[in-house]
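Observations on the three-dimensional arrangement
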Amino acid sequence: MLSISKKLCHVPGLNSQRFFSSSNIILAKKKTNKKEETEKAFLGRPSNNLRMGVVGLPNIGKSSLFNALTNSSVPAENYPFCTIDPSEARVEVPDDRLDWLVKTYEPKKITPAHLTIVDIAGLVRGASQGAGLGNAFLSNVASVDAIYHLVRGFENDDITHVENTVDPVRDLEIIQNELRIKDEEMLERHLIELSKLAKFPDAKKLAGTISKKEELSIVEKLAEFMAKGRDVRKGEWSSAEINIINSLHLLTAKPMIYLVNTSEKDYISNNNKWLPGINEWVEENNKGDLIIPLSVSLESKLADMEKEEQEQYLNDLNIQSQLPKVILAGYKALDLIHYYTCGQQEVRAWTVRNRTKAPQAAGVIHTDFMRGFISAEIQKYTDLKALGNEAAVKAAGKYLQKGKDYAIEDGDIAHFKFNVTDKKK
């Protein structure tokens, strides 16, 4: 809990004398520049609490991957639809910078950044029409903010395949088609509704919003774009168009990372016969999307080992676990960054969306920090590491004073000043 007064703000677990301060000084209001350029909107929910969903056909290793990522235990049996209700867990984001800050400040408490991952049951051909509990599963896909698309790239007669044969490119197309069909159906329904509403004037239209006729034009453009076989996230959209897209919660607007589950042997030898075809398909259909090969069986084996045993096993084989790369890729796909607050009490990473302004970033700690924001004192991690300590950063003129228009950057070390008033204004 926070104990806040007009003269002092104390945050248990954080060095309040150093990292957070408040003031009774009333600052003159800065005149708003009406000509300030409006920042472009971005796809996705405007939230810091975003989730990655693991999606794919049944029996390809989704739940086993989820277990390895989260060290949890959800059913991972060899039959379709073993996972029906999605499982959800938070995983720690690997961070060498946090490790260095911990060594430097030697805090009593360490709080890393986290990523929320959801294990979604297997989709099958025809899911958009309800096959294999498809409607429920697609609604779970709609509830996450980005997707790990796991595809099977190994042969094993003991593990059944819902399509009876191993063909990763076919499997990629099945999932992509089901997501697109669901989006196209939703756009079709929305077009019918908007076509009716656009015939009448918008009597209750709010200032700064678009008309139903303008919205209809945007949705028609979306439908035409998807009719060309393209995912919404691959389009170039204006801010007005992005706002409409975000309101529609389209499945193909979500960032996608492709994970190729290979055999342990293929992963160790760095040779998988399906990878070239997968690379070619992604390049042709969703150019720029990241592909990460991994072995879920290997990662599951590592998850059952102690840390020293893991390191020895990986060193002996001259390989690395892919899980840190998978987690960091998900974090980046969600357009998340983190800044730090550092002191003897706690070193903590705070997650925010990229381009978040300083007052909103401060509000992640407590809403009063945003409400009474005065300024942010910023050190760059690279400066602190290069110069060794805060005093040296200040002496070098690199201890920065930033106002409300400053966008927090990944790796910033922040100290917020704010004024707490009795009533919200």
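Residues numbered from 1 in each chain as written. Predicted model: local features only at pLDDT ≥ 70, side-chain atom pairs only at ≥ 80, totals over all residues. Heavy atoms only, no water.

Broken down by element type, the protein chain carries 16 helices and 15 strands. Within the protein chain, contacts between residues at least 6 apart in sequence are counted, and of these 71% link residues at least 24 apart. Here the protein chain has roughly 22,400 Å² of accessible surface; of this, 50% comes from carbon and sulfur atoms. (Helix = DSSP H or I, 4+ residues; strand = E, 2+ residues; numbered from the N terminus. Contact = heavy atoms within 4.5 Å. Areas by Shrake-Rupley, 256 points an atom, 1.4 Å probe, with all protein chains shown as cover.)

Here we take up the packing of aromatic side chains. Counted under the stated rule, the structure contains six aromatic pairs. Centroid distance Tyr339 to Phe416: 5.7 Å. Interplanar angle 90 degrees. Geometry classified as edge-to-face. A residue pair is termed long-range when its members are at least 10 positions apart, and Tyr339 in strand β11 (residues 336-342) and Phe416 in strand β15 (residues 412-418) qualify at 77 residues. Tyr339 sits in the buried class, given a relative accessible area of 0%. (Phe/Tyr/Trp six-rings, centres within 6.5 Å; stacked < 30°, edge-to-face > 60°. Buried < 20%, exposed > 50% of the residue type's maximum accessible area, 1.4 Å probe, protein only.)

Take Gln379: it is sitting in strand β13 (residues 373-380). A relative accessible area of 2% means that Gln379 is categorised as buried.

Ranked by internal contacts, the top residues of the largest apolar core, which has 67 residues, are Leu65, Leu101, Leu115, Ile117, Tyr148, Leu179 and Leu259. Excluding residues within four positions of it along the chain, Leu101 makes contact with Glu106, Tyr340, Cys342, Val347, Tyr381, Leu384 and Ile413. Ranked by size, the runner-up nonpolar core spans 19 residues in total, among them Met186, Leu187, Leu194 and Ile244. (Core = buried A, V, L, I, M, F, W, Y, C linked by side-chain atoms within 4.5 Å.)

On to the pairing of strand β4 (residues 51-55). Burial runs high along β4: five of the five residues are buried. Here β4 shows no split at all, with Arg51, Gly53 and Val55 on one side and Met52 and Val54 on the other all buried. Where β4 and strand β7 (residues 114-119) come together, four bridges link them in parallel fashion. Of the residues in β7, the one forming a bridge with Met52 is Ile117. Judged from the four bridges that link them, β4 and strand β8 (residues 146-153) form a sheet pairing that is parallel. Counted as the bridge partner of Val54 is Tyr148 from β8. (Pairing = 2+ DSSP bridges.)

With that settled, consider the sheet that holds β7. Reading across from one edge, β5-β7-β4-β8-β9-β10 is the order of the six strands in this open sheet, with mixed pairing throughout. Lying at the two open borders of the sheet, with one neighbouring strand each, are β5 (87-92) and β10 (290-294). Direction aside, neighbouring strands of the sheet carry axes that sit 25 degrees apart on average. Across five bridges, strand β9 (residues 256-262) lies against β10 in parallel orientation. (Axes fitted to C-alpha atoms, helices over the stretch in contact; angles between N-to-C directions.)

Turning our eyes to something else, we now look at the packing of helix α10 (residues 296-303) against helix α11 (residues 307-317). Interaxial distance between α10 and α11 falls to 9 Å at its minimum, and their mutual angle equals 145 degrees. The residues of α11 that touch α10, namely those facing Leu298, Lys301, Leu302 and Ala303, are Gln310, Tyr313 and Leu314. When grouped by side-chain class, the residues that make up the contact of α10 with α11 number five nonpolar, one polar and one charged. (Nonpolar A, V, L, I, M, F, W, Y, C, P; charged D, E, K, R; others polar.)

This part is about a negative patch on the surface. A surface patch of negative charge is lined by Asp167, Glu173, Glu280 and Glu284. Tracing the backbone through its elements, the reader meets Glu284 in helix α9 (residues 275-285). Judged by relative accessible area, which is 64%, Glu284 ranks as exposed. (Patch = residues over 30% accessible without salt bridge, like charges linked within 9 Å, V, L, I, M, F, W, Y side chains within 5 Å. Salt bridge = Lys/Arg side-chain N within 4 Å of Asp/Glu carboxyl O. Lys, Arg positive; Asp, Glu negative; His and termini not counted. Charge placed at Lys NZ, Arg CZ, Asp CG, Glu CD.)

In the Ramachandran plot, Asn318 falls in the positive-phi region, its phi being about 55 degrees despite a non-glycine side chain. Although it is not a glycine, Asp335 adopts a positive phi angle of roughly 60 degrees. When you line up the elements, Asp335 lands in the loop between α12 (323-333) and β11. Taking the relative accessible area as the measure of exposure, Asp335 reaches 21% and is therefore partly exposed.

In terms of residue burial, β13 counts as a mostly covered element, since seven of its eight residues are buried. Taken together, the seven bridges between β13 and β15 define a ladder with antiparallel strand orientation. Bridging from a neighbouring strand, Phe373 pairs with Phe418 of β15. Both β13 and strand β14 (residues 400-402) contribute to a ladder of three bridges, which runs antiparallel. Bridge pairing links Ala376 to Lys402 in β14.

Here we come to helix α3 (residues 96-105). Of all the positions in α3, only Arg97, Leu98, Trp100, Leu101, Val102 and Tyr105 are classed as buried. Backbone nitrogen of Arg97 and a side-chain oxygen of the N-cap are separated by 3.0 Å at the start of α3; the cap is Asp95. Just downstream of α3, Glu106 is the residue with a positive phi angle, here 50 degrees. (Polar contact = N/O pair within 3.5 Å; in protein donor to acceptor, adjacent residues only side chain to side chain.)

With that settled, the discussion passes to the side chain of Asp368. With respect to the helices, strands and loops of the structure, Asp368 is situated in helix α14 (residues 367-371). Looking at Asp368, its side chain comes within polar contact range of the side chain of Arg371, at 2.5 Å.

Under the counting rule described, the total for this entry stands at 22 salt bridges. Close ionic contact of Lys109 with Glu346 constitutes a salt bridge, the shortest N to O distance being 4.0 Å. In this pair, Lys109 is assigned in strand β6 (residues 109-111) and Glu346 in strand β12 (residues 346-353), connecting sequence segments 237 residues apart. According to the relative accessible area criterion, Glu346 is buried, its value standing at 2%. Of the charged contacts in the structure, one is a salt bridge between Lys301 and Glu264, with a shortest N-O distance of 3.1 Å. A residue pair is termed long-range when its members are at least 10 positions apart, and Lys301 in helix α10 and Glu264 in helix α8 (residues 264-269) qualify at 37 residues. Residue classification places Lys301 among the partly exposed residues on the basis of a relative accessible area of 34%. Look at Glu264 and you get buried, because its relative accessible area is 16%.

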